[in-house]
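# Structure assessment
What follows is the residue order along each chain.
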Amino acid sequence: MKGDLGFRWLFFFTGLLVMGLGVALTIKGKWFGVGSWDVLHVGLFKQLGLSIGLWSIIMGILIVTSASIGLRKWPQIGTFANLAFVGLFIDLFNWIIPDPHMLLLKFIAFILGVILLAIGCGIYISADLGAGPRDTLMLLLSEKLNWSITFSRTFMEVVVAIIGVLLGGPIGIGTVIIAFALGPIIQISLRYSQKILHNIISKKEPAKYYAHEQF
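Residues numbered from 1 in each chain as written. Predicted model: local features only at pLDDT ≥ 70, side-chain atom pairs only at ≥ 80, totals over all residues. Heavy atoms only, no water.

Within the protein one finds 9 helices and 0 strands. For the protein, the N- to C-terminal ordering of α and β elements is α-α-α-α-α-α-α-α-α. Its C-alpha radius of gyration of 17 Å places the protein within 12% of the 17 Å reference for a compact globule of 215 residues. Once the C-alpha set of the protein is aligned to its principal axes, its extents read approximately 50 × 40 × 25 Å. Counting every position in the protein, which comprises 215 residues, the buried fraction comes to 47%. Summarising the internal contacts of the protein: among those between residues at least 6 apart in sequence, 78% fall at separations of at least 24. Once the 16 positive and 10 negative side-chain charges of the protein are each reduced to a mean point, those two points are 1 Å apart. (Helix = DSSP H or I, 4+ residues; strand = E, 2+ residues; numbered from the N terminus. Rg over C-alpha atoms; globule rule 2.2 N^0.38 Å. Buried < 20%, exposed > 50% of the residue type's maximum accessible area, 1.4 Å probe, protein only. Contact = heavy atoms within 4.5 Å. Lys, Arg positive; Asp, Glu negative; His and termini not counted. Charge placed at Lys NZ, Arg CZ, Asp CG, Glu CD.)

This is the structure we're talking about:
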């Protein structure tokens, strides 16, 4: 059992690492636009003050609280680990990776970042140790409304982007790419990550690791 938990934590932190790399790459290519949630955070900042980072934290707390009530369970330790380590990984890769100066390189960095962000998301969620605030909301929508991961994520990203724009937040082609690309890639990554993890732990507790098979 300890070995099973060890593999799950390995998947969890591997996913966070890949996510951090993905976000760092999208930052390098931010010329093409920001993600849906950042559009919202900037919009809230313009309308209500405080700071963009503080609004990110506030929204995260509100989402975790609402999702906990909706799912009727306390946040898992992985939710808090997500909040702490993703930021560290983002800063690490943002420091290591040089800034691209050519527009083509910025575009490649942005697209690659979106893909890695979504893949990492699927990997760490497959460990079933707790999802971050935005991913928890995605899973809540999928579970309660019987939507696929693809539709849940796309719906969430589009709605958040629209609200952000109405509040005065910035939007670009990158925002649109993120809104519509994350869901399908996360769904594929989650499905394969669950199968790989399930095989690694010698098919123990199959129901648990296929908990999201309907996605």
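All right, on to unusual backbone geometry then. Within the chain, D128 stands out as a residue other than glycine whose phi angle is a positive 55°. Judged by its relative accessible area of 24%, D128 falls in the partly exposed class. Even without being glycine, N146 reaches a positive phi, approximately 60°. Its location among the elements puts N146 in the loop between α6 (133–145) and α7 (149–166). When its relative accessible area of 66% is taken as the criterion, N146 is described as exposed.

Our focus in this paragraph is the packing of α7 against helix α8 (residues 173–200). One can describe the packing of α7 onto α8 by two numbers: an axis separation of 8 Å at closest approach and a directional angle of 160°. Our classification of the angle between α7 and α8 gives roughly antiparallel. For the element pair α7 and α8, the recorded crossing hand is right-handed. Taking contact as the criterion, the partners of I149, T150, R153, T154, E157, V158 and A161 in α7 are, on α8, T175, I178, A179, F180, L182, G183, P184, I186, Q187 and L190. Of the residues that constitute the contact of α7 with α8, the class distribution is 10 nonpolar, 5 polar and 2 charged. (Axes fitted to C-alpha atoms, helices over the stretch in contact; angles between N-to-C directions. Parallel < 35°, antiparallel > 145°, perpendicular 65-115°, else oblique. Left-handed = near helix turned anticlockwise from the far one by under 90°. Nonpolar A, V, L, I, M, F, W, Y, C, P; charged D, E, K, R; others polar.)

With that settled, the discussion passes to the nonpolar core. With 47 residues, the main nonpolar core has Y124 and I125 as its most contacted residues. For this core, the elements supplying multiple residues, two or more each, are α1 (2–28), α2 (36–48), α3 (52–71), α4 (77–96), α5 (103–126), α6, α7 and α8. In terms of residue count, α5 provides more of this core than any other element does, 10 residues in total. If sequence neighbours within four positions are ignored, Y124 has contacts with F11, F12, G15, L16, M19, N82, G130, A131, G132 and D135. (Core = buried A, V, L, I, M, F, W, Y, C linked by side-chain atoms within 4.5 Å.)

Before going further, it helps to examine the packing of aromatic side chains. Applying the stated criterion to the full structure yields 12 aromatic pairs. Measuring from centroid to centroid gives 5.2 Å for F32 and F107, while their planes differ by 65°, and the two rings are edge-to-face. Of this pair, F32 sits in the loop between α1 and α2 while F107 sits in helix α5, and the two are 75 residues apart along the sequence. By relative accessible area, F32 is classed as buried at 10%. Here the aromatic residues W9, F12, F13, F85, F89 and Y124 are joined through ring pairs into a cluster of three or more. For the cation-ring pair, R134 lies above W37, with the distance from its terminal atom to the ring centre recorded as 5.0 Å. Positioned above the aromatic ring of Y192, the side-chain terminus of K195 is 5.9 Å from the ring centre. (Phe/Tyr/Trp six-rings, centres within 6.5 Å; stacked < 30°, edge-to-face > 60°. Lys NZ or Arg CZ within 6 Å of the ring centre and 35° of its normal.)

Below, the discussion takes up the side chain of H41. Here H41 lies in helix α2. Here R134 takes part through its side chain, which lies 3.2 Å from a polar atom of the side chain of H41. (Polar contact = N/O pair within 3.5 Å; in protein donor to acceptor, adjacent residues only side chain to side chain.)

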